[in-house]
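# Breakdown of the fold
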Amino acid sequence: MAILKVARLGHPVLRTVAAPVPPAEFRAAETQRLIDDMIETMREYSGAGLAATQVHTLKQIAVIEVVANPRYPEAPEIPLTVLINPTVSPLTEAMEEGWEGCLSIPDMRGMVPRYTAVRLQAYDRHGEPMDLVAKDFFARVIQHEADHLNGIVYVDRMKNLATLTHLTEWSKYWLGVEEPAD
Ligand code: ZN
């Protein structure tokens, strides 16, 4: 396993749409190694998720996991989830604002509106189809990672950049604030 280099905002790879993984490659050693390395990288940097585009690989693969994450002290835990070729459809019209960060935009937080419930269809790392309904924080992380695979980052989704905040100021002025100030 290896810790991969994470592209930061401004790198064109973050603005590129990833290609679907052909089913014949789901279980290939190269795909499995990439998934293992993405999991290790996500854990090393305490991310809630990581998309392949962030590690310079234009494949529709993302990993998600939240285990008592110091970057999201309030967040509920999410078991390790590997998504290949995810499709995300909103199940509500309602959107809720919530804080997000991103390993590609280090030390920043911003308030981002997301659908509160989504249907996720994808394949797991064994090539088994998955079809589930995700809500709240899990739904938020899924939307964040699926966006990465389409060249979108969370700042694109912000309604008001006034909440875009460096982590040191966030801890001082915004920690615990649930509503944007707009
Ligand atoms: Zn991100």
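Refer to the structure printed above.
The following paragraphs examine the structure supplied in this document.

Within the protein, the atoms that donate to the zinc ion are Cys 102 (SG), His 144 (NE2) and His 148 (NE2), at distances of 2.0 to 2.3 Å. For Cys 102, a relative accessible area of 3% corresponds to the buried category.

So, on to the sheet that holds strand β4 (residues 95–102). An order of β4-β5-β8 is seen for the 3 strands of this open sheet, with the pairing classed as antiparallel. Of all strands in the sheet, those bounded by a partner on one side alone are β4 and β8 (165–166). Where β4 and strand β5 (residues 105–115) come together, 7 bridges link them in antiparallel fashion. The residue of β5 that forms the bridge with Gly 98 is Val 112. Taken strand by strand, helix α2 (residues 136–149) contacts β4 and β5, and its axis lies near 60° from that of β4.

Before going further, it helps to spend a moment on the pattern of salt bridges. A complete count under the given rule lists 10 salt bridges for this structure. Across the pair Lys 59 and Glu 30 runs a salt bridge, and its minimum N-O distance is 3.5 Å. Linking Lys 59 in the loop between β1 (49–51) and β2 (61–66) with Glu 30 in helix α1 (residues 29–44), this pair joins segments that are 29 residues apart in sequence. A salt bridge links Arg 140 to Glu 100; its shortest N-O distance comes to 2.8 Å. Pair noted here: Arg 140 is in helix α2 and Glu 100 is in strand β4, with a separation of 40 residues, a long-range link. Relative accessible area serves as the criterion here: at 9%, Arg 140 is assigned to the buried category. Residue Glu 100 is classed as buried on the basis of its relative accessible area of 3%.

On to the packing of aromatic side chains, then. Following the criterion strictly, the structure yields 3 aromatic pairs and no others. Between Trp 99 and Trp 174, the ring centres sit 5.4 Å apart and the planes meet at 70°, which makes this aromatic pair edge-to-face. With a gap of 75 residues between them, Trp 99 in strand β4 and Trp 174 in helix α4 (residues 167–174) connect regions that are remote in the sequence. By the burial criterion, Trp 99 is buried, and Trp 174 matches it. An aromatic cluster of three or more residues is present, and its members are Trp 99, Trp 170 and Trp 174.

A few words now on the nonpolar core. Among the nonpolar cores identified, the biggest contains 16 residues, and Ile 35, Met 38, Leu 50, Val 55, Ile 61, Val 63 and Ile 84 are the most heavily contacted of them. Only α1, β2 and β3 (78–90) provide two or more residues apiece to this core. Considering every element that reaches this core, the biggest residue donor is α1, with 5 residues. When neighbours within four sequence positions are excluded, Val 55 is seen to be in contact with Leu 4, Lys 5, Val 6, Leu 34, Met 38 and Leu 50. Among the nonpolar cores identified, the runner-up in size contains 15 residues, and Leu 83, Ala 122, Met 130 and Ala 139 belong to it.

To continue, consider the environment of Met 108. Take Met 108: it is sitting in strand β5. In this structure, the C-alpha to C-alpha distance between Met 108 and Val 17, residues 91 residues apart in sequence, is 24 Å. Not counting chain neighbours up to four residues away, the residues in contact with Met 108 comprise Glu 100, Gly 101, Tyr 154, Leu 164, Thr 165, His 166 and Leu 167.

Turning our eyes to something else, we now look at the layout of surface pockets. Of the pockets and cavities examined, the second largest pocket occupies roughly 270 Å³. As for the second largest pocket, its lining consists of 15 residues, and the residues nearest its centre are Val 88, Gln 143, Ala 146, Asp 147 and Arg 157. Only β3, β5 and α2 provide two or more residues apiece to the lining of the second largest pocket. Class assignment for the residues of the lining of the second largest pocket results in 8 nonpolar, 4 polar and 3 charged.

So, how was this worked out
- Residues numbered from 1 in each chain as written.
- Predicted model: local features only at pLDDT ≥ 70, side-chain atom pairs only at ≥ 80, totals over all residues.
- Heavy atoms only, no water.
- Donors = N, O, S within 2.8 Å, 3.2 Å for Na, K, Ca; no water.
- Buried < 20%, exposed > 50% of the residue type's maximum accessible area, 1.4 Å probe, protein only.
- Pairing = 2+ DSSP bridges.
- Helix = DSSP H or I, 4+ residues; strand = E, 2+ residues; numbered from the N terminus.
- Contact = heavy atoms within 4.5 Å.
- Axes fitted to C-alpha atoms, helices over the stretch in contact; angles between N-to-C directions.
- Salt bridge = Lys/Arg side-chain N within 4 Å of Asp/Glu carboxyl O.
- Phe/Tyr/Trp six-rings, centres within 6.5 Å; stacked < 30°, edge-to-face > 60°.
- Core = buried A, V, L, I, M, F, W, Y, C linked by side-chain atoms within 4.5 Å.
- 1 Å grid on protein atoms, 1.4 Å probe; cavity = no way out; pocket = protein on both sides within 12 Å on 5 of 7 lines; lining within 4 Å.
- Points joined across faces, edges and corners; volume = space filled by probe spheres on them.
- Nonpolar A, V, L, I, M, F, W, Y, C, P; charged D, E, K, R; others polar.

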